[in-house]
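Summary of structural features
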Amino acid sequence: MQLDSGLDTRSPAIADRDATSQTSMPSATESPADKSHIQALHKKLQSALEEIGMLKQRALAESQSQASLSGLDTEPGTSGDNVWRPAWDGFRRGFVLAYAVRAGLGTMTRALALARAGQYKDMRGWRLISESGLHYREDAVRLGLFIGGFTGSYHLISGSLKKWQGSLPPAQNCMAAGTAAGLTLMFLSKERRRTLALYTLARIAQCLYNSLKQQGLFHFWGSDWAYGDALLFALSSAQVMYAYVMRPETLPKSYWKFIVKSGPIETPALEAVRRSIRKLPIDLQSFNAFIKKRGGTAFLTTAFPAQITDAMLHPQTASALVHSVKVPWDTFRKTFPLYMSISLVPYVVLNLKRALRNPVGTAGHAVGSAVRSTSFLAAFVGIYSAAISLHRKLFTWDHKLLYYVAGLAASGSILIEKKSRRSELALYVMPRAVDAFVLALTKKRWVPSVKFGEVILFSLCMGGLMYYRSVTT
């Protein structure tokens, strides 16, 4: 006995085939008029399907064209003879995104700082974004002009070269356009120019090494170590922390101020340490006034001390043990708003739809990343401070290499960060370490100084990066 469930259990392909055959092949009982009518309907159905297919292809082509105008995601100069439209769209999009990220970082950092200080009245209405508390406009405009200018000029130059010099290979085309577009670095301040130039130098060195390694032409001993990135970070951080104490003029001012603000040692104490190690006289009246203002009781009695003691380095906390416990928490509290802003704002601006679809998950991920990164920095500062205090407990003399060794010891805190972030941090710190070393040599006139050298270096590095981007993933 057969049961008829009323459902078609055939596969979709067979069902469609049978339905088409039933529509296109009339039965023997149909009249000639019915046959002609069915054939006409079949032809109309075929033409409608063809039209739908053409509309789909046209929509796909338009979406790909729009994607090509959104940034550097496709090969420039592919929009026909019009090279100005992708250039303008690239500039517009780059400017808006860069301005939004910078403005968002400034606003959120201020909001978190006000919340931490309990100044909730200043978070209401227009007070939060008033110019008396926020000073990001110039930085945001400069950053927007740089990002948008680079993207737009890259599209314009590359598209023009492809149009007028069609025989130029695509990789060389991208390299030439990237080199020329790198001149937009002039929109940034001199300090930021130098930082970006050194960062791109580290990136092009990474690209070159990876390319040679993939081809089997060159391989650093130990580069396949599981903790090679941590070792690179340690060596770089040691140089930076040495410069922080002994040669602050070799670090970017904003970077040095960030280290001082994050750490427990204030500027007068650092100056006293430098002069003590270099056997230079210390202004007793000024330094003792600083100690008294911070509530200290251990004053300096000689202009040429063998060592600046713990009680003088941080007079607000005389006990070295209490100070070692207090430092990490103070650092965490001061820097969490910054890391929270960095974790949340760029992601929301660049992935707005995804963030709106899952706001709770986005916020949770940002908080987790911020806590982890802030914990790393707090541990770094705590270990660095504890190493210096331990030396002062064991010895009564001071030496400049102590601050290099303390930087090495503190770098172990990078293991708190996840693996993918370690290499990023290493490549972030390494250029500053190299820069501090080169500036120290320049000050001794062992290395010449080149005017606009950072712009030239950035342009050459960006040309190389765009070349590698076009030939490899």
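Residues numbered from 1 in each chain as written. Predicted model: local features only at pLDDT ≥ 70, side-chain atom pairs only at ≥ 80, totals over all residues. Heavy atoms only, no water.

1. Here we look at the overall build of the protein chain
Applied cut-off: Comment: elements are numbered from the N terminus, with helices defined as DSSP H or I runs of at least four residues and strands as E runs of at least two. Buried residues are those whose accessible area, probed at 1.4 Å on protein chains only, stays under 20% of the maximum for their type, while exposed residues exceed 50% and partly exposed ones sit between those limits. Only the protein chains shown count as covering a residue, and every accessible area follows the Shrake-Rupley method with a 1.4 Å probe.
Secondary structure assignment for the protein chain yields 17 helices and 0 strands. Across the 473 residues of the protein chain, 37% fall into the buried class. Carbon together with sulfur atoms contributes 63% to the accessible area of the protein chain, which is approximately 28,000 Å² in total.

2. Points about the nonpolar core
General note: in soluble globular proteins, nonpolar side chains tend to be found buried as a group. We count it as follows: In these notes, a set of buried Ala, Val, Leu, Ile, Met, Phe, Trp, Tyr and Cys residues joined through side-chain atoms within 4.5 Å is what counts as a nonpolar core. Residue contacts follow a heavy-atom distance rule, with two residues in contact if any of their heavy atoms lie within 4.5 Å.
Judged by nonpolar contacts, the single largest core of 52 residues is most densely connected at Y244, L251, F287, I308 and Y384. Top element by residues in this core is helix α7 (residues 228-246). It accounts for 9 residues. Each residue touching I308, except ones within four places of it in the same chain, is listed here: A272, V273, S276, I282, F287, L300, L313 and R392. Of all hydrophobic cores here, the second largest spans 17 residues; its members include Y154, C461, M462 and L465.

3. Focus on the confidence of the model for the protein chain
Applied cut-off: Across the chain, each position has a pLDDT score giving the predictor's confidence in that residue, from 0 to 100.
Residues of the protein chain with pLDDT of at least 70 account for 79%, and the chain-wide mean is 80. Per-element mean pLDDT across the protein chain ranges from 43 in helix α1 (residues 12-24) up to 94 in helix α15 (residues 401-410). Note on residues 73-80: pLDDT under 50 across the span, and 16 contacts to partners over four residues away in sequence or across chains.

4. Digging into a nonpolar patch on the surface
Condition: Excluding any residue in a salt bridge, patches collect residues exceeding 30% relative accessible area, merging like charges within 9 Å and nonpolar Val, Leu, Ile, Met, Phe, Trp and Tyr side chains within 5 Å. Whenever a carboxyl oxygen of Asp or Glu lies within 4 Å of a side-chain nitrogen of Lys or Arg, that contact is scored as a salt bridge.
On the surface, a nonpolar cluster with roughly 430 Å² of combined accessible area is contributed by L390, L394, F395 and W397. As for its position among the elements, F395 is in the loop between α14 (359-394) and α15.

5. Description of empty space enclosed by the protein
Inclusion rule: In this analysis, the protein atoms alone were mapped onto a 1 Å grid. Cavities are point sets where a 1.4 Å probe fits without being able to get out; pockets are open sets with protein on both sides within 12 Å along at least five of seven lines; lining residues have an atom within 4 Å of a point. Grid points are joined across faces, edges and corners, and a volume is the space filled by probe spheres set on the points. In this classification, the charged set is Asp, Glu, Lys and Arg, the nonpolar set is Ala, Val, Leu, Ile, Met, Phe, Trp, Tyr, Cys and Pro, and all remaining amino acids, among them Gly, are polar.
Per the stated rule, a full pass over the model turns up 3 cavities of 30 Å³ or more. There is about 50 Å³ of room inside the largest cavity. Ranked by residues supplied to the lining of the largest cavity, first place goes to helix α16 (residues 419-443) with 5 residues. Considered class by class, the residues forming the lining of the largest cavity number 6 nonpolar, 1 polar and 2 charged.

6. Overview of the packing of aromatic side chains
Two measures describe an aromatic ring pair: the distance that separates the ring centres and the angle between the ring planes. Rule in force here: The aromatic pairing rule takes the rings of Phe, Tyr and Trp, using the six-membered ring of Trp, and pairs them if the centres are within 6.5 Å, calling planes under 30 degrees apart stacked, those over 60 edge-to-face and the rest tilted. Note on geometry: a ring has a charge over it if NZ (lysine) or CZ (arginine) is within 6 Å of the ring centre and within 35 degrees of the ring normal.
A complete count under the given rule lists 15 aromatic pairs for this structure. When the ring of Y467 is compared with that of Y468, the centres are 5.5 Å apart and the planes differ by 75 degrees; the resulting orientation is edge-to-face. Using a relative accessible area of 28% as the deciding quantity, one classes Y467 as partly exposed. Three or more aromatic residues joined by ring pairs make a cluster, and in this case those are W88, F91, F95 and Y99. Its end group placed over the ring of Y255, R432 keeps NZ or CZ at 4.4 Å from the ring centre.

7. Some points on the side chain of S373
With respect to the element layout, S373 can be found in helix α14. You can call S373 buried: its relative accessible area is 5%. Setting aside anything within four residues of it in sequence, one finds S373 in contact with Y339, E417 and R421.

8. Quick notes on the pattern of salt bridges
Counted under the stated rule, the structure contains 17 salt bridges. A salt bridge links R92 to D89; its shortest N-O distance comes to 3.0 Å. Note that R92 and D89 are positioned in helix α3 (residues 84-117) at a spacing of 3 residues, about one turn of the helix. With a closest N to O distance of 3.6 Å, E249 and R247 form a salt bridge. Among the charged side chains, a salt-bridge network with shared partners connects R85, D89 and R92.

9. Quick word on unusual backbone geometry
Although it is not a glycine, K279 adopts a positive phi angle of roughly 60 degrees. Take K279: it is sitting in the loop between α9 (267-277) and α10 (284-293).

10. Quick look at the side chain of T317
Position of T317 among the secondary structure elements: in the loop between α11 (310-313) and α12 (320-350). Judged by its relative accessible area of 9%, T317 falls in the buried class. Every residue in contact with T317, bar those within four places of it in the chain, is listed here: V322, H323 and K326.

11. Comments concerning the packing of α3 against helix α4 (residues 137-164)
What counts here: Fitted lines through C-alpha atoms serve as axes, helices being fitted only where they are in contact, and the angles separating the N-to-C directions of these axes extend from 0 to 180 degrees. Roughly parallel here means an angle under 35 degrees, roughly antiparallel means over 145, roughly perpendicular means 65 to 115, and every remaining angle is called oblique. Two helices cross in a left-handed way if the nearer one is turned anticlockwise from the farther one by less than a right angle. They cross in a right-handed way if the turn is clockwise.
Where α3 contacts α4, the axes come no closer than 7 Å and their chain directions differ by 155 degrees. With respect to α4, the axis of α3 lies roughly antiparallel. The hand of the α3/α4 crossing is right-handed. When its residues are assigned to classes, the contact of α3 with α4 shows 13 nonpolar, 8 polar and 3 charged.

12. What to know about α3
Basically, it comes down to this: A helix's residues, less one, multiplied by 1.5 Å, set its expected span.
Compared with an ideal rise of 1.5 Å per residue, which puts 34 residues at 50 Å, α3 spans 49 Å between its outermost C-alpha atoms and is within 8% of the ideal. The positive-phi residue at the C-terminal boundary of α3 is G118, with phi of around 75 degrees.

13. Observations concerning the environment of P337
For P337, the position within the fold is in helix α12. Relative accessible area serves as the criterion here: at 7%, P337 is assigned to the buried category. Remark: the alpha-carbon pair of P337 and R116, spanning 221 residues in sequence, is separated by 8.7 Å. The contacts of P337, once residues within four sequence positions are left out, are T109, L112, A113 and R116.

14. Topic: the environment of L284
Position of L284 relative to the elements: it lies in helix α10. For L284, a relative accessible area of 27% gives the class partly exposed. Along the sequence, L284 and L300 sit 16 residues apart, while their C-alpha atoms lie 6.6 Å from each other. Once residues within four sequence positions are removed from consideration, L284 is found in contact with L300, T301, T302 and A303.

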